[in-house]
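Each chain, written out:
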Amino acid sequence: MFHSRASSRPTSSPMPRGSDISLLLDQLSHCCSRPRYAFMLLTLIADVARTDGSAGPEVRVGDALVPLRDWLCDALTPMGHRDPRRMALVERVRDELRKTGRLSGDGSADEALVQDEVRARVRASGKTNLSRAASELVKAGLLKRHYQGYRVDHLNRGAQRQAVYTLTGRARALVNGPPPQHPTATRPRQGDLFAS
């Protein structure tokens, strides 16, 4: 009596991947305040995503497991290394460490300390940018976000839970491998109840 509507895209000749990417880029240009950043974010998520399009809560880096959001921030950090604001931050951190007496006078040790502090500050601000971009992508139907892990009472809704991102909609074109198969509804046949 009720029939499922046929897809407008023929199953025998799927749309080329390039067309999916161009449609994704067009959608990002309309729904995101920083479309290039959003595309880089989606691409990085796709790089570590499972075949179902989900990534997180942790990413393996060498022998260690790193929270997905930290890994994404660190992966996006090199994009701004020539930004004048980043260079000014390095000098500001170096000056602060000098004033507080935390620099030892050993050039390589001091530079490592400065870079560690800069990395921590860039990661903190990067998480803000990442959250803003992820919220835009969720609203656009390109990303789903949920949290996994141990939950404690805390003002921060993330508490001790880690983010898991799942690519959806046109963003699925970025994931390697076939899209997840959804079982098709079939009408029960006589004898199915007793089939082994």
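See the structure above.
Here the structure is a predicted model, which is why all the values come from computation and not from measurement.

Analysis parameters
Residues numbered from 1 in each chain as written. Predicted model: local features only at pLDDT ≥ 70, side-chain atom pairs only at ≥ 80, totals over all residues. Heavy atoms only, no water. Helix = DSSP H or I, 4+ residues; strand = E, 2+ residues; numbered from the N terminus. Buried < 20%, exposed > 50% of the residue type's maximum accessible area, 1.4 Å probe, protein only. Contact = heavy atoms within 4.5 Å. Polar contact = N/O pair within 3.5 Å; in protein donor to acceptor, adjacent residues only side chain to side chain. Pairing = 2+ DSSP bridges. Lys, Arg positive; Asp, Glu negative; His and termini not counted. Salt bridge = Lys/Arg side-chain N within 4 Å of Asp/Glu carboxyl O. Axes fitted to C-alpha atoms, helices over the stretch in contact; angles between N-to-C directions.

Here the focus is the overall build of the protein. When helices and strands are counted, the protein shows five helices and five strands. Along the chain direction, N to C, the helices and strands of the protein fall in the order α-α-β-β-β-α-α-α-β-β. Looking at the protein as a whole, 30% of its 196 residues are labelled buried. Excluding contacts between residues fewer than 6 apart, the proportion of contacts in the protein whose partners are at least 24 apart in sequence is 59%.

This part takes up the environment of Arg60. Among the secondary structure elements, Arg60 is positioned in strand E2 (residues 58–61). Its relative accessible area of 54% is what places Arg60 among the exposed residues. C-alpha separation for the pair Arg60 and Trp71, spaced 11 residues apart in sequence, amounts to 9.3 Å. In this structure the side chain of Arg60 is engaged in a polar contact, spanning 3.5 Å, whose partner is the backbone oxygen of Asp63.

Okay, the pairing of E2 next. As paired strands, E2 and strand E3 (residues 64–67) are joined by four bridges and run antiparallel to one another. Within E3, the residue paired with Arg60 across the bridge is Leu65. Where E2 hands over to E3, the hairpin turn is made up of two residues, of which Gly62 adopts a positive phi near 65 degrees.

Let us look at the side chain of Arg172. Within the secondary structure, Arg172 sits in the segment after strand E5 (161–167). As a buried residue without a salt bridge, Arg172 has its nearest oppositely charged side chain in Asp52, at a separation of 6.0 Å. Among the polar contacts listed, one links the side chain of Arg172 to the backbone oxygen of Thr51, at a separation of 3.4 Å.

On to the sheet that holds strand E4 (residues 143–149), then. Sheets are built from strands paired through backbone hydrogen bonds, the pairs being either parallel or antiparallel. As summarised here, the arrangement of the three strands in space is E1-E5-E4, forming an open sheet in which the pairing is antiparallel. Because the sheet does not close on itself, it has two edges, and the strands there are strand E1 (54–55) and E4. Across the sheet, helix H3 (residues 68–76) is in contact with E1 and E5; its angle to E5 comes to roughly 65 degrees. Helix H5 (residues 107–139) rests against E4 and E5 of the sheet, and its axis sits at about 125 degrees to E4.

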